[in-house]
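Chains, contacts and geometry: an overview
Residues per chain are reported as follows:
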2 protein chains.
Amino acid sequence: MATFMDVHSGFVGVTAEELAAAHAADLQIEAEESVHFEKAWLDPESGKAFCLSTGPSKEAVMHVHERAGHPTAEIYELSIQI
Amino acid sequence: MATFMDVHSGFVGVTAEELAAAHAADLQIEAEESVHFEKAWLDPESGKAFCLSTGPSKEAVMHVHERAGHPTAEIYELSIQI
């Protein structure tokens, strides 16, 4: 399993409740893709969101987000971490 | 204290040892700015690095990175997290 960070833009004004609902939608289906979303952070002023996950591939992570209704094309495989 | 994610570009081919050295340089001076760098992740293929920190302001976080020799202008205040 690898670690990934994906980035979403355009989430300006999104609330904690809305982020929680989006995250819950990921969690509900992630096992079908062998992905786990560990953490999500949001800056509602700029609209940037960051999701930290583990999974078999970028494509698997992106597919979960797409199926859950919040696709993104910006994702990085984090092979080094401290 | 607020939570921040800052993003660096251009770290293509940086090794785990080099990231550890950069992170150590931050840790050595962060207390002077009331900042704490909790975690750093790197994708050495794209050269993107993400640093998660807590501190009093974006400026304080950026100032630590600048003093440690790896400035970035891309930083987000993460007022919502899951």
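In this report, we go over the structure that sits alongside the text. These figures come from a predicted structure and were not determined experimentally.

1. Examining helix H2 (residues 58–67) of chain A
All names here are of chain A. Of the residues making up H2, those classed as buried are Ala60, Val61, Val64 and His65. The arc that holds the buried residues of H2, viewed along the axis, is 135 degrees, so those residues lie on one side. Seen from the buried face of H2, the exposed residues on the opposite side, beyond 90 degrees, are Glu59 and Glu66. Considering only its buried residues, H2 is in contact with strand S1 (2–8), helix H1 (16–29), strand S2 (36–43), strand S3 (48–55) and strand S4 (74–77). Immediately downstream of H2, the backbone of Gly69 shows phi near 100 degrees, a positive value.

2. Observations regarding the pairing of strand S3 (residues 48–55) of chain B
All names here are of chain B. Within S3, 8 of the 8 residues are buried, which leaves it mostly tucked inside the rest of the structure. Alternating positions in S3 separate into two faces, Lys48, Phe50, Leu52 and Thr54 on one and Ala49, Cys51, Ser53 and Gly55 on the other, with burial throughout. Of the strand pairs in this sheet, strand S1 (residues 2–8) and S3 are connected by 7 bridges, and their pairing is antiparallel. Note that in S3 the partner of His8 across the bridge is Ala49. If you look at the hairpin formed by strand S2 (residues 36–43) and S3, you'll find 4 residues sitting between the two strands, and Gly47 has a positive phi there, around 85 degrees.

3. Observations regarding the relation of the copies chain B and chain A
Each copy of the chain is related to the other by a rotation around an axis and a translation along that axis. Relative to chain A, chain B is turned by 180 degrees and slid 0.0 Å along the rotation axis, the superposed coordinates differing by an RMSD of 0.0 Å. Here the symmetry operator amounts to a two-fold rotation axis. Relative to the rotation axis, the C-alpha of Phe50 of chain B is the closest in chain B, positioned 4.9 Å from it. A symmetric contact is evident, with 100% of the interface residues of chain B recurring at the interface of chain A.

Thresholds applied
- Residues numbered from 1 in each chain as written.
- Chains lettered and ligands numbered in written order.
- Predicted model: local features only at pLDDT ≥ 70, side-chain atom pairs only at ≥ 80, totals over all residues.
- Heavy atoms only, no water.
- Buried < 20%, exposed > 50% of the residue type's maximum accessible area, 1.4 Å probe, protein only.
- Helix = DSSP H or I, 4+ residues; strand = E, 2+ residues; numbered from the N terminus.
- Arc of directions from axis to C-beta.
- Contact = heavy atoms within 4.5 Å.
- Pairing = 2+ DSSP bridges.
- Least-squares fit on C-alpha atoms with pLDDT ≥ 70 in both.

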